[in-house]
Amino acid sequence: MLDPELEAALSPIIHDVIASGGLLLDVRESEPHFWRSPVPGYLYATAWAPDGSGTGISVPAGWPRPAQIAELAEQLREIAIEARWRAEMSATWPECPTHPNSHPLEPALVSERAVWLCPKSGEAIAEIGTLKGEEDEDDLSAEEYESLTGVSKAEYEAALLEAARRVFPGPALEGDVQSFALDQAESMLVVVFTAHHLPGRLFGWRVPIWPAPHPSDRMTGTVDGLAVVLSVHLMELINDLPHAVRLSTDETGVEWVDPTW
Ligand SMILES: [Zn+2]
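Thresholds applied
- Residues numbered from 1 in each chain as written.
- Predicted model: local features only at pLDDT ≥ 70, side-chain atom pairs only at ≥ 80, totals over all residues.
- Domains from an automatic or database assignment.
- Nonpolar A, V, L, I, M, F, W, Y, C, P; charged D, E, K, R; others polar.
- Helix = DSSP H or I, 4+ residues; strand = E, 2+ residues; numbered from the N terminus.
- Buried ≥ 20, exposed ≤ 12 C-beta atoms within 10 Å, placed from the backbone.
- Core = buried A, V, L, I, M, F, W, Y, C linked by C-beta atoms within 7 Å.
- Contact = placed C-beta atoms within 7 Å.
- Arc of directions from axis to C-beta.
- Expected span 1.5 Å × (residues − 1).
- Bend = angle between axes of the 7 residues up to and from the residue.

A.B. asks: What exactly am I supposed to notice about the domain arrangement of the protein here?
C.D. replies: Interfaces are often sized by the accessible area lost when the parts come together. Partitioning the protein into domains gives domain 1 (4-127) and domain 2 (142-257). Here the C-alpha centroids of domain 1 and domain 2 sit 35 Å apart. Along the lines of polarity and charge, the residues of the side of domain 1 that touches domain 2 split into 6 nonpolar, 2 polar and 1 charged.

This is how it looks when you write it as structure tokens:
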């Protein structure tokens, strides 16, 4: 478990690293070997990059929150820049919007706020924790996803299945999910469900998992977000079943519908 004080100071930076840097940095409890003699009064953690390399980070306990954020942002910015460079992404991060292709923004404490600063103009560009993705990033293949996040194809698919189980409604107004499964051979999420307005029938929905949304996508960049969006699609699909395209009916009586109906 991360110290709550440290976690609170880290969360706006982690947000920016995901939203604008397109990277998942996994910050966890400090590994002892990163700090031979920890100094009392400091909070320590280890930041893991997608390729599995770890770096120790630290900040004085008890500092005002914005000062802790600015201090940790400098450490995580260096880790993110190196990780982006290794993933063959631009190492100019976060890029200064006023001077494109020129320099990254620098974290600073201005009027007791933690901000990203243009080092050339000295202008505060954005509060740390509010960076947005520069553009909609393309969906990723399993190989691209792993090189960006360190999450393997099998891990992502298992996590999406778990998220769907958590997020999808049980008995709802329109229908009821009977089962979730993973078709590992074809990388499909397989959902079998009933619809109250079509009693006695079973329907199936096979959702292709790849290409997956880019992790910087604010709606679907996490498996939980994606599962929420899929659950909304399923509710729409149930409502629209009379018009949905049936692909086939299998020997167990499940009517498979077109996922792109
Ligand atoms: Zn600038």
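A.B. asks: How should I be thinking about the environment of E174 in this particular structure?
C.D. replies: Here E174 lies in the loop between helix 4 (153-167) and strand 7 (175-183). Its 19 C-beta neighbours within 10 Å are what place E174 among the partly exposed residues. Residues E174 and M219 lie 45 residues apart in sequence; the distance between their C-alpha atoms is 24 Å.

A.B. asks: What's the story with the nonpolar core in this structure? I'm lost.
C.D. replies: The nonpolar side chains of a soluble globular protein tend to be buried with one another. Among the nonpolar cores identified, the biggest contains 56 residues, and I13, L25, L72 and L76 are the most heavily contacted of them. With residues up to four places along the chain from it excluded, the contact list for L76 reads I13, V17, L25, A47 and I57.

A.B. asks: Explanation requested: the environment of A227 in the structure shown.
C.D. replies: Mapped onto the secondary structure, A227 falls in helix 5 (residues 223-239). Once the C-alpha coordinates of A227 and F168 are considered, the two residues, 59 residues apart in sequence, prove to be 7.3 Å apart. In this view, A227 contacts L160, A163, A164, V167 and F168; residues no more than four positions away in its chain are not counted.

A.B. asks: What am I meant to see in helix 3 (residues 142-149) here?
C.D. replies: Counting along an α-helix, one turn takes 3.6 residues, and residues three or four places apart therefore face a common direction. Here helix 3 has its buried residues at Y145, L148 and T149. Each buried residue of helix 3 sits inside an arc of 80 degrees when the element is viewed along its axis, so together they form one side. Those residues of helix 3 that are buried lie in contact with helix 4. Phi turns positive one or two residues past the end of helix 3, at G150, with a value near 80 degrees.

A.B. asks: Sorry if this is basic, but what is going on with helix 1 (residues 4-19) here?
C.D. replies: In a regular helix each residue adds 1.5 Å, so 16 residues correspond to 22 Å; helix 1 covers 22 Å between its end C-alpha atoms and thus fits that length. At L10, helix 1 shows its largest kink, close to 35 degrees, and the proline P12 lies no more than four residues downstream. Taken residue by residue, helix 1 has L6, A9, L10, P12, I13, I14, D16, V17, I18 and A19 as its buried positions. On its buried face, helix 1 is in contact with strand 1 (26-29), strand 2 (42-48), strand 3 (54-60) and helix 2 (65-86).

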